[in-house]
Structure formats: structure tokens, C-alpha cells
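# Chain and residue survey
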Amino acid sequence: MSEFIIETKKLTKKFGSTTVVNSIDLNVKKGEIFGFLGPNGAGKTTTIRMLLGLARPTSGSIRIFEKDIRKEKLAILRKIGSLVEYPSYYGHLTAYENLEAVRVLLNVPKSRIDEVLAIVRLTNDAKRPVKGFSLGMKQRLGIATALLGNPELLILDEPTNGLDPSGILEIRELIKSMPREHGITIVISSHLLSEIDQMATQVGIISKGDIIFQDSISKLREQANSTIEMTLDDPEGGWKMLLAKGYPVELLDDHLSFSLGTDPYVASIVRTLVQSGFSIYRVEEKKKSIEEIFMELTGKDGGLL
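Residues numbered from 1 in each chain as written. Predicted model: local features only at pLDDT ≥ 70, side-chain atom pairs only at ≥ 80, totals over all residues. Heavy atoms only, no water.

### A closer look at the packing of helix H3 (residues 95-106) against helix H5 (residues 135-147)
- Remark: H3 packs on H5, axes separated minimally by 10 Å, with the N-to-C direction vectors making an angle of 30°. Classified by the angle between their axes, H3 and H5 sit roughly parallel to one another. As for the relative orientation of H3 and H5, their crossing is right-handed in sense. Between H3, through Ala95, Leu99 and Val102, and H5, the contact on the second element is made entirely by Leu141, Ala144 and Thr145.
- When grouped by side-chain class, the residues that make up the contact of H3 with H5 number five nonpolar, one polar and no charged. (Axes fitted to C-alpha atoms, helices over the stretch in contact; angles between N-to-C directions. Helix = DSSP H or I, 4+ residues; strand = E, 2+ residues; numbered from the N terminus. Parallel < 35°, antiparallel > 145°, perpendicular 65-115°, else oblique. Left-handed = near helix turned anticlockwise from the far one by under 90°. Contact = heavy atoms within 4.5 Å. Nonpolar A, V, L, I, M, F, W, Y, C, P; charged D, E, K, R; others polar.)

Dropping the structure here:
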């Protein structure tokens, strides 16, 4: 039995002579929040549309729940909930009535409406017309609609797009709670690196149709080589002395910089400088942000917030 809920092999999508998704292998395990990250136009939404059977791959394969989507599409889709771009709703109807319209199509018990309203924390607003909802509430209603069929897999395309900070926080906390409280595996696409960083357990980065990274957030952070920056009274003199003693230190403007080794290594440099009569004013660890790591991986392709 495979440990992956989603497996793609050499998945490719071309529009004419343009390759939008280029031979990608995605692997998503049960219970994960998988962040699918990339700049606008990188191929995220096209990939999601192929996973949902809304677009046909040019080549390659998709297996979800260990089933081939080409052969068992309906069986797969019954176990998937999705929110692609903005949710659709009837503004003059209440939240409950909107969910009832979908419930009838899905043929699920009526009690499921109250359950999903509770999950997205809209119980108190169930009888209000949706046209009076904030954008964040509409997004939560969209997620409630995606949850109606009691899915095992939830696919969300840019669910925080256009939300204010409070709306983003609401959606973020909701998404984080679902694997833990309801056993749902989540794939969430975004161009907002800060959001993926705060929600996802695993991340895949797509750039110009290619997957350039796929692993845990912690593994992504490990690609950041920390450095120590040190300010002292005579940086040039300290730099020359340390080089003479075999320490690989750089002189940058008015301070010294060196790669972070073990703590005794840092302590040894500090001790050597002090014993040589230098006054140290500041010792600071500099770590690349996850945004800087992304920019290095993509060669500055796109701008992520």
C-alpha cells in the first residue's frame, strides 16, 4: 500500500507549443498540509485543475487514493473537496440555504450542514444572507461547501487571496486545525510564502512549470547558511589578525562576517580577538529568511510576499 494520497509521475501540460507544467512528480502523504508554492503563472492552478480532473494532462499520470484518475475519476472525486479561486454562492440566500442546495446534489445527510458550519465557525451566521458576509466569511463558506461531502482530501487554490489580515488569520487557523481534528489531508496553493510557512508541514515549489523543491519546511530552512556578523573597534586589524591565525573571516564594510560553525568556534574567535586587545561591540547571527531562500532557488523568479 502506498503512503501517498497523491502521486503524479512526469505530469505535463502543454498549451500549443508552450509547456505550462513540465514533467512534475508530486507526492502528498496522508494527514499533511502540503503547501504548493510558486509565483503567479508558475503552473500551480493548472496542476490543481489536472488533479481535480478539470484539465487533461498532455502526458504523465495522476494517482489519488491509489487510483488512476483516468480510469476512476468519479470514485476519486467523491472523496475530494475543493475550492478553486473564489467560491460561488447565491447572495440572496442564507449560508444554510446555499449549503442545502449543494447538499441535495451530493446526497448527504442534512445534519452535515450543521457540522460543516460548526467546523468553519459560521453557526451563528447560518441564517444571514450571504451578500452581507465579509470576504473572509465567504471564503469560510466556500470551505464549508467543499467539506459537505466529508472529503478525505481538501484542495484549496489561493484561499487567502484578497483577504485582510484578520481574514487571513481566520482561514489559516481553520486550515491548520482540519488535519488534526478531522483527519483531512490538505493541498493548499499560494503565491504567499509567509502563509505557506505558517501553515504547511510539507512544501513543493514550482517555478516556470518545474518542481524545484519538495520536502518539509524545516528542510527548506536548512538551506539557509547562517553567518555571524561582528562589529569591533578595528575591523580591518581584527580581520588581518584572524586570517593570520587561520580563521576564514570576511571583511564587509565596517564589520566581520564568517559562517556559523559550532558554538566553541564562535567563542574561539571572540576569545582570540579579546586576548589580542580588540573591543567587540556586537555579535549577531544572520539567517536567511525563507523568502531569500526562495529567491535563490528560483533565480529571483517572481516576487513572493
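Moving on from the model shown.
### What about the packing of aromatic side chains?
- Scanning all chains against the criterion turns up zero aromatic pairs.
- For the cation-ring pair, Lys79 lies above Phe65, with the distance from its terminal atom to the ring centre recorded as 4.3 Å.
- The side chain of Lys127 reaches across the aromatic face of Tyr96, ending 4.3 Å from its centre. (Phe/Tyr/Trp six-rings, centres within 6.5 Å; stacked < 30°, edge-to-face > 60°. Lys NZ or Arg CZ within 6 Å of the ring centre and 35° of its normal.)

### Some thoughts on the confidence of the model for the chain
- Put simply, the chain has an average pLDDT of 88, and 93% of its residues get 70 or more.
- Ranking the elements of the chain by mean pLDDT puts helix H11 (residues 290-298) last with 69 and strand E5 (residues 59-64) first with 96.
- Here residues 301-305 is modelled with pLDDT under 50, and outside its nearest four sequence neighbours on either side it reaches 18 contacts, counting other chains as well. (pLDDT = per-residue confidence, 0-100.)

### A word on the sheet that holds strand E12 (residues 227-232)
- Pairing in this open sheet of four strands is antiparallel, and the strands run E13-E14-E12-E15 from one edge to the other. The open sheet has two edge strands with one neighbour each: strand E13 (250-252) and strand E15 (280-286). Sheet twist, expressed as the average angle between the axes of neighbouring strands with direction ignored, equals 25°.
- One ladder, built from four bridges, connects E12 with strand E14 (residues 255-259); its direction is antiparallel. When the sheet's bridge partners are listed, Ile228 is paired in E14 with Phe258.
- Lying on the sheet, helix H9 (residues 235-244) is in contact with E12, E13 and E14; it crosses E14 at an angle near 35°. (Pairing = 2+ DSSP bridges.)

### Remarks on the sheet that holds strand E10 (residues 202-207)
- Spatial strand order, E7-E8-E9-E4-E10-E11: six strands in an open sheet with mixed pairing. At either end of the open sheet lies a strand with only one pairing partner, and these are strand E7 (80-84) and strand E11 (210-216). Across the sheet, the mean angle from the axis of one strand to that of its neighbour is 15°, orientation sign disregarded.
- As paired elements, E10 and E11 share six bridges and run antiparallel to each other. Counterpart to Val203 in the pairing with E11 is Asp215.
- Its contacts with the sheet place helix H1 (residues 44-51) against strand E4 (33-37), E7, strand E8 (153-157), strand E9 (185-190) and E10, and it is angled at close to 150° to E8.

### Quick look at the nonpolar core
- With 44 residues, the main nonpolar core has Ile143, Leu147, Leu154, Ile175, Met178 and Ile186 as its most contacted residues.
- Top element by residues in this core is H5. It accounts for six residues.
- In contact with Ile143, not counting residues within four places along its chain, are Leu83, Val120, Leu154, Leu156, Ile171, Leu174 and Met178. (Core = buried A, V, L, I, M, F, W, Y, C linked by side-chain atoms within 4.5 Å. Buried < 20%, exposed > 50% of the residue type's maximum accessible area, 1.4 Å probe, protein only.)

### Here's the deal with the pattern of salt bridges
- Under the defined criterion, the tally for this structure stands at 13 salt bridges.
- One salt bridge in this structure joins Arg140 and Glu170, with 3.3 Å as the shortest N-O distance. Taken as a pair, Arg140 in helix H5 and Glu170 in helix H6 (residues 165-182) lie far apart in primary sequence, 30 residues in all.
- Residue classification places Glu170 among the partly exposed positions, given a relative accessible area of 30%.
- We note a salt bridge from Glu195 to Arg172, for which the minimum N-O separation is 3.0 Å. Here Arg172 lies in helix H6 and Glu195 lies in helix H7 (residues 193-199), a separation of 23 residues in the sequence. Each of the two residues, Glu195 as well as Arg172, counts as buried. (Salt bridge = Lys/Arg side-chain N within 4 Å of Asp/Glu carboxyl O.)

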